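Below, each chain spelled out in residue letters.
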Amino acid sequence: MQYSDSVVDLIGNTPLVRLRSVTAHLGPDAPLVLAKVEYLNPGGSVKDRIATRMIEAAEQSGELRPGGTIVEPTSGNTGVGLALVAQTKGYRCVFVCPDKVSQDKQNVLKAYGAEVVVCPTAVDPEDPRSYYSVSDRLVREIPGAWKPDQYSNPNNPRSHYETTGPELWAQTDGRITHFVAGVGTGGTISGTGRYLKEVSGGTVKVIGADPVGSVYSGGTGRPYLVEGVGEDFWPTAYDQDVCDEIVAVSDRDSFLVTRRLAREEGLLVGGSCGMAVQAALEVAERSGKDDVIVVLLPDGGRGYLSKVFNDEWMADYGFLSTSTDRSVGDVLH
Ligand code: PMP
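Residues numbered from 1 in each chain as written. Predicted model: local features only at pLDDT ≥ 70, side-chain atom pairs only at ≥ 80, totals over all residues.

The chain has the name Cystathionine beta-synthase in an unreviewed UniProt entry, where Longivirga aurantiaca is given as its organism. Quoted straight from UniProt, the Cofactor (unreviewed entry) entry for the chain says "pyridoxal 5'-phosphate". Under Catalytic activity (unreviewed entry), UniProt gives the following word-for-word description of the chain: "L-homocysteine + L-serine = L,L-cystathionine + H2O". (UniProt positions renumbered as here; feature names shortened; annotations may be inferred.)

Mind showing me how you'd approach the site of the ligand here?
The local shell around the ligand holds 16 residues, among which Gly-184, Thr-185, Thr-188, Gly-228 and Ser-272 are the closest. Looking at the shell around the ligand, its residues break down into three nonpolar, 11 polar and two charged. (Near = placed C-beta within 6 Å. Nonpolar A, V, L, I, M, F, W, Y, C, P; charged D, E, K, R; others polar.)

What's the story with the nonpolar core in this structure? I'm lost.
A general tendency of soluble globular proteins is for nonpolar side chains to be buried together. With 53 residues, the main nonpolar core has Val-180, Ala-276, Val-277, Ala-279, Ala-280, Ile-293 and Val-295 as its most contacted residues. Contact partners of Ala-276, with chain neighbours within four places excluded, come to Val-180, Ala-181, Gly-182, Ala-209, Val-295, Leu-296 and Leu-297. Counting residues in hydrophobic clusters, the runner-up holds 30 residues, among them Ile-11, Leu-82, Cys-97 and Val-134. (Core = buried A, V, L, I, M, F, W, Y, C linked by C-beta atoms within 7 Å. Buried ≥ 20, exposed ≤ 12 C-beta atoms within 10 Å, placed from the backbone. Contact = placed C-beta atoms within 7 Å.)

In this structure, what is going on with the packing of helix H1 (residues 47-61) against helix H5 (residues 155-171)? I would like to understand it.
Relative orientation and spacing of two packed helices are given, respectively, by the angle between their axes and the distance between those axes. Their axes nearest at 8 Å, the elements H1 and H5 cross at an angle of 115°. In terms of orientation, H1 lies roughly perpendicular with respect to H5. Between H1 and H5 lies a crossing whose hand is right-handed. Contact residues: Arg-49, Ile-50, Arg-53, Met-54 and Ala-57 in H1; Asn-155, Asn-156, Arg-158, Ser-159, His-160, Thr-163 and Thr-164 in H5. In terms of residue class, the contact of H1 with H5 is made up of three nonpolar, six polar and three charged. (Axes fitted to C-alpha atoms, helices over the stretch in contact; angles between N-to-C directions. Helix = DSSP H or I, 4+ residues; strand = E, 2+ residues; numbered from the N terminus. Parallel < 35°, antiparallel > 145°, perpendicular 65-115°, else oblique. Left-handed = near helix turned anticlockwise from the far one by under 90°.)

Explanation requested: the sheet that holds strand E4 (residues 92-98) in the structure shown.
Consider a sheet: its strands pair through backbone hydrogen bonds, and that pairing is either parallel or antiparallel. Strand order in the open sheet formed by four strands is E5-E4-E3-E6, with parallel pairing between adjacent strands. The open sheet has two free edges, formed respectively by strand E5 (115-119) and strand E6 (145-146), since each of these has just one partner strand. In the sheet, strand E3 (residues 69-73) pairs with E6 via two bridges, with the strands oriented parallel. Along E6, the bridge assignment pairs Thr-69 with Ala-145. Running at roughly 160° to E4, helix H4 (residues 131-141) makes contact with E3, E4, E5 and E6 of the sheet. (Pairing = 2+ DSSP bridges.)

Quick question: what am I supposed to make of the pairing of strand E7 (residues 178-182) here?
In regular strands, side chains alternate between the two faces of the sheet. Most of E7 sits out of view: five of its five residues are buried. The side-chain alternation of E7 yields two buried faces, one formed by His-178, Val-180 and Gly-182 and the other by Phe-179 and Ala-181. Judged from the five bridges that link them, E7 and strand E8 (residues 205-211) form a sheet pairing that is parallel. Pairing of Ala-181 across the sheet is with Gly-208, part of E8. Bridging between E7 and strand E10 (residues 292-297) involves three bridges; their strand directions are parallel. Residue pairing for E10: Phe-179 is matched across the bridge by Val-294.

How should the environment of Ser-75 be read in this particular structure?
In this structure, Ser-75 sits in the loop between E3 and helix H2 (77-89). Non-local contacts of Ser-75, meaning those with residues more than four positions away in its chain, are made with Phe-95, Cys-97, Val-101 and Lys-105.

What follows is the structure, given as structure tokens:
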């Protein structure tokens, strides 16, 4: 019989698929562009990898004990990963999220058995009602509480150093020449990139993709619409020595490529995937036939049906028409 003992054992070992249609304009001498399909993890995103590693490390260090509670300010993929692993090990999960997070996203976390505490968005971070203050207070007040903090937890990049990096090296038979990934906490690019640089003797080039306006590409954290990537501060999970280059990508390019991935490649993925692929295409344009470019696709597209895949939403922001291209700031304020 072929079966896994637990859903946690299904995390990682995701496949690589060649991108054919979105690379067609590059011609016959184009490099191979391969996508690492992370939505095939059981929780639907790359974050399952960090969840399992952060929990295991906290168990080993004694920070998380049987019957303990995981408290994290998260509304998305990290929450799903943590909830899925916690559930199989009998931990309680409490997630704190701002009230701008959609009911659908809160419901996904509840469906996995997590508790969700909603905080007002329109208050200062120091306000006792804020998302940050509430999560800190819950950690202090709940006996046996542990906060993973993906932004500073070294087991976030470590999980990628130990899994994503070795998988890519083995899957490409050591032929990978470029690794491209979006940067949020920085865990994916730092851990995977560091492994690939070490194993290749420094020949693999590591390219981060970042929304225009975010700090990684020299911005101040100005609003952008693509979710899960870009920051307005420098997290310690991000290792500034690993990236050879950061490519800034506009919301418009990110979303148009995301829609092409669904329609032309059969990959229904999130907006940060289109962003990373746009960066990979820019790298491919200046690469040779023997190069092998791998781009990591962090999550699936089902959570974005009312945004990226909705024509009216796209048109409201001017992303579908060439004439009425309003800036994000105009629409948000
Ligand atoms: N895309 C999505 C949808 C994400 O949720 C994340 C994680 N914040 C990323 C990309 C970036 O990954 P990382 O945090 O490892 O930099």
